[in-house]
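Notes for the structure review
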Amino acid sequence: AAAPLQIDAAEDLRPVMLQAIKETEERVRAAQAAVGEARRFISGKLTQVGRFAPQAKKAAVEEFTALQTRLAEAQNKLNPFKTVRQDYEQRSQFKKLQDELSSKVSGAEIEVEKAAMMAAPLGADSADGMKETEAALSAAQSAISQTLRLIDAKFRSAERSGGLGGIKDDIKSLQDRAKAAQEKLDDVRKAMKETQVRIAADTLLREISDKVSHAEDELQQMSETE
């Protein structure tokens, strides 16, 4: 009867799980009816015990009390199965949420990797390379920002409804991945800025060198005409 609680909430297994849940619910109803009937039976017998002799009455009360304890234990074991369908549907929603967020994080991580590759020295040492890298950085930042906002919104919504359950750590892990991707993107952007400064400095140095060379040529020509 406990099988549905142990099965992964994969969509392709849903028909199997729903059938198992239906069977579990039927067994739960039967078990609950048996427990209720036993309780009523014991209660009825206890009313008769009052007419027993003191010694017999004491023994009967002790025996019935022990039986009531056993019934209470049986009821406690039964209770978790009474919400089996609700638990399954909740787990299915958790799975969908986790898959959605995981897909978003993976997409953001891919965009960051693209930006990192574009920002590599061989790809960013030209004007066209810099433009392509800036576009990649912008796309990666947009993906990360959207992902972090989505994770935060889903987390708060689930928290308000009291439905985080066992996926709180999973959402936190995805959030940490997105933040790590943001940190990597920040490093890539910093490296790109350094590359831009280096390119600008190299360009300026070439221009100055050309000016100096030109001046030297002019001086040389002037010297030769004197």
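See the structure printed just above.
Predicted model, so just to flag it, every value in this text is computed and none were measured. Along every chain, residues carry numbers that run from 1 in the direction the sequence is written. Confidence filtering applies because this is a predicted model: local features only for residues at pLDDT of at least 70, side-chain atom pairs given and counted only at 80 or more, and all residues used for totals across whole chains, interfaces and linings. Side-chain numbers here rest on the full set of heavy atoms in the structure, without hydrogens or water.

Re the overall build of the protein
Put simply, DSSP marks the helices as runs of H or I at least four residues long and the strands as runs of E at least two long, and each gets a number from the N terminus on. What the protein contains, in helices and strands, is seven helices and zero strands. When the helices and strands of the protein are read in sequence order from the N terminus, they spell out α-α-α-α-α-α-α. Nonlocal contacts in the protein, meaning residues at least 24 apart in sequence, comprise 76% of its contacts between residues at least 6 apart. Only the protein chains shown count as cover for residues, and all accessible areas are computed by the Shrake-Rupley method using a 1.4 Å probe. Surface summary for the protein: the accessible area is close to 15000 Å², and the carbon and sulfur share equals 55%. Every residue pair with non-hydrogen atoms within 4.5 Å of one another is taken to be in contact.

Quick look at the packing of helix α2 (residues 14-49) against helix α3 (residues 54-78)
Lines fitted to C-alpha atoms define the axes here, with helix axes fitted over just the stretch in contact, and angles between the N-to-C directions of these axes take values from 0 to 180 degrees. One way to put it is that α2 packs onto α3 with a least axis distance of 10 Å and a crossing angle of 165°. Accordingly, the angle class assigned to the pair α2 and α3 is roughly antiparallel. The interaxial crossing formed by α2 with α3 has left-handed handedness. Of α3, the residues touching α2 (which contributes Val-28, Ala-31, Gln-32, Val-35, Ala-38, Arg-39, Ile-42, Lys-45, Leu-46 and Val-49) are Lys-57, Ala-60, Val-61, Phe-64, Leu-67, Gln-68, Leu-71, Ala-72, Gln-75 and Leu-78. We call Asp, Glu, Lys and Arg charged. Ala, Val, Leu, Ile, Met, Phe, Trp, Tyr, Cys and Pro are nonpolar, and the rest, Gly among them, are polar. Looking at the contact of α2 with α3 residue by residue, the classes come out as 14 nonpolar, three polar and three charged. Comment on the angle field: the value is read as roughly parallel under 35 degrees, roughly antiparallel over 145, roughly perpendicular from 65 to 115, and oblique elsewhere. Definitions for this section: a left-handed crossing has its near helix turned counterclockwise from the far helix by less than a right angle. A right-handed crossing has that turn clockwise.

With respect to the packing of α2 against helix α4 (residues 84-118)
Taken N-terminus to C-terminus, the directions of α2 and α4 make an angle of 160°; their axes are 9 Å apart at the nearest point. The angle between the axes of α2 and α4 places the two elements in the roughly antiparallel class. Taking contact as the criterion, the partners of Arg-14, Met-17, Leu-18, Ile-21, Lys-22, Thr-24 and Glu-25 in α2 are, on α4, Val-84, Arg-85, Tyr-88, Glu-89 and Ser-92. A breakdown of the residues in the contact of α2 with α4 according to their chemical character gives five nonpolar, two polar and five charged.

Some remarks on the nonpolar core
Nonpolar cores are built from buried Ala, Val, Leu, Ile, Met, Phe, Trp, Tyr and Cys residues. Side-chain atoms within 4.5 Å join them into one set. Accessibility here uses a 1.4 Å probe with only protein chains present; expressed as a share of the type maximum, an area under 20% marks a residue as buried, one over 50% as exposed, and anything in between as partly exposed. Residues Val-112, Ala-115, Leu-137, Ala-140, Ile-144 and Leu-185 are the most contacted members of the largest nonpolar core, which totals 14 residues. Those elements giving two or more residues to this core turn out to be α4, α6 (127-160) and α7 (168-225). In terms of residue count, the dominant contributor to this core is α6 (six residues). Of all hydrophobic cores here, the second largest spans 11 residues; its members include Leu-97, Leu-101, Ile-171 and Leu-174.

Overview of α4
By this rule the span expected of a helix is its residue count minus one, scaled by 1.5 Å. Compared with the 51 Å implied by 1.5 Å per residue over 35 residues, the 51 Å span of α4 between its first and last C-alpha is a close match. Within the span of α4, buried status applies to Val-84, Tyr-88, Ser-92, Phe-94, Leu-97, Leu-101, Val-105, Ala-108, Val-112 and Ala-115.

Here's the deal with the environment of Leu-71
Mapped onto the secondary structure, Leu-71 falls in helix α3. For Leu-71, a relative accessible area of 13% translates into the label buried. Apart from residues no more than four positions distant in its own chain, Leu-71 is found in contact with Val-35, Ala-38, Arg-39 and Ile-42.

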